[in-house]
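This is what each chain is made of:
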Amino acid sequence: MHYLIEELIVIATFVFLYQFMSVSYPKKEKLKSKKLIEQLFSEGQSVSAFPLRLVYMPTSFDDDVVAKTGVSVSKRNFKTAVDRNRIKRLLREVYRLNKAVYFNNITTQYAFMILYIGKDKPTMTQVESRMKLLFEKFSNKVSQ
RNA sequence: CAAGUAGAUCGCCUUAUCGCUCGAAUGCUGAACUUGUUUCAGUUAAACAUAUAGUUUAUUUAAAAGGUACUGAAACAAGUUCAGCACUUGAGAGGAAAGUCCGAACACCAUAGUGCAACAUAGUGGUUAACAACCACCAGUCGUGAGGCUAGGAAAAGUGCAACAGAAAGUAUGUACAGGUCAAGCUGUAGUGAAACCAGGUAAACUCUAUGUGGUGCAAUGUCAUGUAAACCAGUGUCCCGAUAACUAUCGGGAGAGAGCGGCACGUUCGAUGCUGGAGGGUAGGCAGCUAAAGUAUAUUGGUAACAAUAUACUCAGAUAAAUGAUAAGGGCUUUUUAUACUUAUUUUAGGUUAUCCUGAAACAAGUUCAAGAAGUACAGAAUUCGGCUUAUAGAUUUACUUGAAUA
RNA sequence: CGGGAUGUGGCGCAGUCCGGUUAGCGUACACGGCUGGGGGUCGUGUGGUCGCAGGUUCAAAUCCUGUCAUCCCGA
């Protein structure tokens, strides 16, 4: 009985989100251009909510999407590729599930890069709470 | 049963929801190309005329209209290809994907030259596309043993090296004791040291012998798109002969500073729009290469073995700031704690008994069963592709053998 | 994909090419002297099995092989 209710709540949340915007994260929305990334790091601004850091820059591109986003984890802090992959997957997953809430009303196009600057392996819930904080900070800063 | 040796295999699973990459099918939209139909415009030869447009005649037909054929445009239809979207469906990390230590495939680079240098290998035979890998045997060495390890050619071709100790370490001479002589390190033993007189050691010292190695690597290479500067500054540097009517242009021949062939020489190629230095400009995207192969599995045959041959079946990742995942629930497996029951051995104790026997109780140890809780569930992520090697790795399964102990 | 360097007391470095039996130097630390005390200086001392494993050799920080870690460079 208890599980049933919990599952129903989860499903309901997804349905609710679905009405606003897709929760997918296809190739189009990924930041892939080497040129754009270099420009982003040299000219972009940043906000951070430890252990995350968001570098952003308003720009424009041909594809019909709100933002292009990439994630990055330093090799200095995590030696093995398995750990880095795990963290990047978590970051992508959390971005995928939460982007609709924060970026649906933005009109200008942005390039984002989310960096993980911590040194310990995080859990899903930690990443989720910190990223929500990060996006709130970002939208405050932009609206000013 | 305990301890060990050598191999072989596996290395988490299930469900639900939401995603990622690649492929396939269907539908819709768009673009390009091809074909067909319809409509419109044009067409051949000669003469004349003209800035052009054109006019006349001829050709086909009995004659006219028109058609065939060719060119261009538009519309419609069908097909193919490509792109986007929707939906359905299939597949999607390893035993080491890691380190990049060897060997190849493949691609390009004076059509790949010669000698030297450099580097690698080193018992014998075999396997292989190839190898520093693997297999078999011999030898040495370690281990009680199963087995492990070995850069295992040459010191009578030459050059070197050997601290300390010691008389003396190769051109060296003498201590003690004993022997011995006309005399003498002449002889033996002791002593030093890793090594001490018909010497030996060291080649993972130089060296010699045999064999092998051209270089660079998928950021190779090809192609499309975009973009720019054969520009600028400084320095340095070309002459001769012949032909064409000709000091200047062109052609042919000769010399030629310098540069390339990542060490040197020869050789070879370029060579005055050269060469050297300085300060700088541009691109950083797509596609191909890219995954059907020295392929995987099974069986049989040959071989001591590495391995080879044959047959059958199968098709099994292709990303590029880099896919193969996230969350929730459940289950395996391992360790451990608590509790229950049972079995075995030992000790103590009570009773019975001729008894070393039987029965009950308690303590402790080992094992098994079942239940609940806790903890753990490794190392690690394809990047052109293969063959090896090396290193990391929780745990599980299994084969053969060795040593020790006990029982029958 | 390829090339190179380093690893030696707590810290920073010599010694390695060409093997030899005391593994040094500076700094730090401890003790003592000089000073009334501090600082400074002088003297004495502690601390290493030379990243790890194996091999060659009579002998290895040094030679060879493998391996681990750190750092740098090129296309």
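Use the structure listed above.
Predicted model only: the values in this text are computed from it and were never measured.

Undergrad: Quick rundown of the protein's contact with RNA strand B? Include the residues and the values.
TA: In the vicinity of RNA strand B there are 27 residues, among which Lys27, Leu31, Arg86, Arg92 and Arg96 approach most closely. Within the backbone of Leu31, one N or O atom sits 2.9 Å away from a sugar or linking oxygen of RNA strand B. Interatomic distance of 2.8 Å between a side-chain N/O atom of Arg92 and a phosphate oxygen of RNA strand B. Elements with a minimum of two residues in the surface near RNA strand B: helix H1 (2-20), helix H2 (34-43) and helix H3 (81-103). When residues of the surface near RNA strand B are assigned to their parent elements, the largest contribution, 9 residues, is made by H3.

Undergrad: Can you lay out the packing of aromatic side chains for me, pointing to particular residues and giving the numbers?
TA: Throughout the structure, instances matching the rule amount to 9 aromatic pairs. Relative to Tyr116, the ring of Phe78 lies with its centre 6.0 Å away and its plane at 50°, an arrangement referred to as tilted. Linking Phe78 in the loop between strand E3 (67-73) and H3 with Tyr116 in strand E4 (residues 109-116), this pair joins segments that are 38 residues apart in sequence. There is no split in this pair, since Phe78 and Tyr116 are both buried. Ring centres 5.3 Å apart and planes at 85° place the aromatic pair Phe112 and Phe138 in the edge-to-face group. You can see Phe112 sitting in strand E4 and its partner Phe138 sitting in helix H4 (residues 124-143), a full 26 residues away along the chain. An aromatic cluster is defined as three or more aromatic residues linked by ring pairs; in this entry it consists of Tyr25, Tyr95, Tyr102 and Phe135.

Undergrad: Describe the environment of Val65, listing the residues and the values that go with them.
TA: Assignment of secondary structure puts Val65 in the loop between strand E2 (52-59) and E3. For the pair Val65 and Gln109, spaced 44 residues apart in the sequence, the C-alpha separation amounts to 7.5 Å. Discounting residues that sit within four places of it in the chain, Val65 has contacts with Lys28, Glu29 and Gln109.

Undergrad: Please set out the sheet that holds E4 residue by residue, giving values where relevant.
TA: In spatial order, the strands read E1-E2-E4-E3; together these 4 strands make up an open sheet with mixed pairing. Every interior strand has two partners, whereas the edge strands, strand E1 (45-49) and E3, have only one. Taking each pair of neighbouring strands and ignoring which way they run, the sheet shows an average axis angle of 20°. As defined by bridge partners, E2 adjoins E4 across 8 bridges and the pair is classed as antiparallel. Within E4, the position partnered with Arg53 by the bridge is Leu115. Contacting E2, E3 and E4, H3 runs over the sheet at an angle of about 150° to E3.

About the criteria used
- Numbering of residues begins from 1 in every chain and follows the order in which that chain's sequence is written.
- Here chains are named by letter from A upward and ligands by number from 1 upward, in the order in which they appear as written.
- A pLDDT threshold of at least 70 governs which residues receive local features in this predicted model, and a stricter bar of 80 or more applies before side-chain atom pairs are shown or counted, although totals over entire chains, interfaces and linings include all residues.
- As a rule here, side-chain values come from all non-hydrogen atoms in the structure, and water together with hydrogens is ignored.
- Any residue with at least one heavy atom within 4 Å of a molecule or strand is counted as near it.
- Between N or O atoms, a polar contact is any pair within 3.5 Å; within protein, one atom must be a potential hydrogen donor and the other a potential acceptor, and residues adjacent in sequence are included only when both atoms are from side chains.
- Strands are runs of DSSP state E lasting at least 2 residues, helices are runs of H or I lasting at least 4, and numbering of each runs from the N terminus.
- Ring pairs are drawn from Phe, Tyr and Trp, using the six-membered ring of Trp, whenever the two centres fall within 6.5 Å, and their geometry is named by plane angle: stacked under 30 degrees, edge-to-face over 60, tilted for the rest.
- Each residue is placed in one exposure class: buried if its accessible area under a 1.4 Å probe, protein chains only, is under 20% of its type's maximum, exposed if it is over 50%, and partly exposed if it falls in between.
- Contacts are residue-level and defined by heavy atoms, with any inter-residue pair within 4.5 Å sufficient.
- Note on pairing: DSSP must find at least two bridges between two strands before they are called paired.
- For helices, the fitted line uses only the C-alpha atoms of the stretch in contact; every axis is such a line through C-alpha atoms, and the angle between N-to-C directions lies from 0 to 180 degrees.

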